[in-house]
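# Overview (structure and organization)
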Amino acid sequence: MEHFDTLIIGGGSAGLMAAIRASSQGQRVAIAEKNHSVGEKLLLSGRGRCNFTNAESDMDIFISRYGDKGKFLYSAFSKFGPLRTREYFSSIGVKYVEERGKRIFPKEGGSKKVLDALISQCRKNEVKIMRGTPVKAIKFNAGHVERVITENDEYTADKYIIATGGKSYPKTGSTGDGYTFAQQAGHTIIPLYPALVPVRTRETWPKLASGCDLRNVRLTVFADGKNVAERFGEMEFTNFGVSGPIVMELSSHIPDWDGELQLSLDMKPTLTHEILTARVKREIEAHSGHGRFRGLVRSLVPAKMLTLMLELSDIPQDKPVEYISDEEISEFVNLLKDIRMNVNGLWGYGNAMVTRGGVCLDEIDPSTMRSKLCDNLYFAGEVLDLNGPSGGFNLQICWSTGYVAGSVNE
Ligand SMILES: Cc1cc2nc3c(=O)[nH]c(=O)nc-3n(C[C@H](O)[C@H](O)[C@H](O)COP(=O)(O)OP(=O)(O)OC[C@H]3O[C@@H](n4cnc5c(N)ncnc54)[C@H](O)[C@@H]3O)c2cc1C
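Just so we're clear, the structure is a prediction, and the values are computed from it rather than from any experiment.

All right, on to the overall build of the protein chain then. Broken down by element type, the protein chain carries 13 helices and 20 strands. Referenced to the eigenvectors of the C-alpha coordinate spread, the extents of the protein chain come out at roughly 85 × 45 × 35 Å. Across the 410 residues of the protein chain, 54% fall into the buried class. A sequence separation of at least 24 residues applies to 73% of the contacts in the protein chain between residues at least 6 apart. Surface accessibility of the protein chain: about 17900 Å² in total, with carbon and sulfur atoms responsible for 47%.

Right, dumping it as structure tokens:
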């Protein structure tokens, strides 16, 4: 039976970072990865561009993006936080750029550049990456891991790190095995939900604007008529509802609600009803005598939204603008400010960027990522009960917890 100082289960972002950290401290490290390649989900991140962290420099603001559970990350961030992450990747050849919302991306090469850099560090440090090696079971004995059983072999180690990811995008290998292993070690699993996931609507008309990217819009969630959450930013219509960054973020407010849920899209959030009405009237005046309602709509929304807006409005598209009544203008302005959709559920794990819930944080030491129930067991990455909004916050969990879990404790 081969023995390692550190054996990591799962070769995703967290597992690779843990391996690099442990091996750079002189540990003999192996990763058992079920897929035939490591970092499959990392490759998909940011649509292949990999938004690997965020440049928000105020640590309290950064931590607040994870909600109440964010405070668990203070210790890990003090050792390997967002700034150190940028410096680290830069030092291993991943130069970066900052984009809208302080999102950090590799300057070139996208996700592959990040993954190649991590693999090359593993190689340099002689990490043994065992691809095509699914861990089938972990043998526990009285608060201690005894060995790990894979399809063909068994391995022992001084220290074991579970970095098996969540349940989202299972085709990348993260099928939730880590939760089972954690439960066998006695850990509590906080209920799991798909998060950062597109929303289905009861209405079928979103497909009329499918693929239309909207910027600078506001989306509000109404639960039984009460505003429970809202976001300003980007979204898109899909064949079955809505998606995009602000939809994904708001999706975390949806599983908790049994009652009626609606979404309201404000296409012109920076304009009040009065200012927007005045703007519409100016457009009408400018096109009076030669313009049609269709042209008016076109001047106010992106081209791909035109068919949808004409469908939702009661005003005939060929109506000459000078015949549009004040009442019709008011209704049209109301539509621009409040396009209502009824929520018909979320997409499942197959389309969710992350998993909400996971290994209960109360049972993990935040300064080491060590289990409080099993003395040689550690956790890192999405398997933990931590998730953040889009913008680089989820990969940051992996880098920081991976680094800490891989560290040799003084
Ligand atoms: C489409 C998409 C886009 C995303 N974009 C971004 C983004 O731009 N920025 C951002 O911050 N976050 C993004 N995320 C989220 C981010 O990618 C994840 O949070 C992160 O990759 C999770 O890393 P992890 O190492 O915890 O788990 P994973 O990357 O899921 O890795 C877990 C690994 O463990 C392996 N494994 C599982 N079970 C076993 C077993 N029994 N034996 C052996 N191996 C096993 C899996 O095969 C897998 O390789 C995105 C997610 C998706 C799906």
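A word on the sheet that holds strand S16 (residues 339-346). Strand order around the closed barrel formed by six strands is S11-S14-S13-S12-S15-S16, with antiparallel pairing between neighbours. Averaged over all neighbouring strand pairs, the angle between strand axes comes to 45 degrees, with direction disregarded. Pairing of strand S12 (residues 213-223) with strand S15 (residues 261-266) involves six bridges; the strand directions are antiparallel. By the bridge assignment, Val 221 is partnered in S15 with Leu 263. Sitting on the sheet, helix H12 (residues 326-337) is in contact with S15 and S16, with an inclination near 110 degrees to S15.

The next thing to look at is the pattern of salt bridges. One pass over the full model with this rule turns up 20 salt bridges. Lys 128 is the partner of Glu 2 in a salt bridge, and the nearest nitrogen-oxygen pair spans 2.9 Å. Taken as a pair, Glu 2 in strand S1 (residues 2-9) and Lys 128 in strand S6 (residues 128-130) lie far apart in primary sequence, 126 residues in all. Here Arg 49 makes a salt bridge to Glu 99, at a shortest N to O gap of 2.6 Å. Residue Arg 49 is located in the loop between helix H2 (40-44) and strand S3 (53-54), and its partner Glu 99 is located in strand S4 (residues 96-99); the two are separated by 50 residues in the primary sequence. Through salt bridges with shared partners, a single ionic network connects Arg 218, Glu 230, Asp 266 and Lys 337.

Basis of the calculations
- Residue numbers run consecutively from 1 along every chain, following the written order of its sequence.
- Whole-chain, interface and lining totals are the exception, using all residues; otherwise, since this is a predicted model, local features are given only for residues with pLDDT of at least 70 and side-chain atom pairs are given and counted only at 80 or more.
- Values shown for side chains rest on all heavy atoms present in the structure; no hydrogens or waters enter the calculation.
- Secondary structure follows DSSP: runs of H or I at least 4 residues long count as helices, runs of E at least 2 residues long count as strands, and numbering of each begins at the N terminus.
- The rule is simple: take the accessible area with a 1.4 Å probe, protein chains only, and divide by the maximum for that residue type; under 20% is buried, over 50% is exposed, in between is partly exposed.
- Two residues qualify as a contact provided that any one of their heavy atoms is within 4.5 Å of a heavy atom in the partner residue.
- Note on areas: these come from Shrake-Rupley sampling with a 1.4 Å probe, and a residue is covered only by the protein chains present in the view.
- At least two DSSP bridges between two strands are required for those strands to pair.
- Here, axes are lines fitted to C-alpha atoms. For helices the fit covers the stretch in contact, and angles between N-to-C directions go from 0 to 180 degrees.
- The working definition used for a salt bridge is a side-chain nitrogen of Lys or Arg within 4 Å of a carboxyl oxygen of Asp or Glu.

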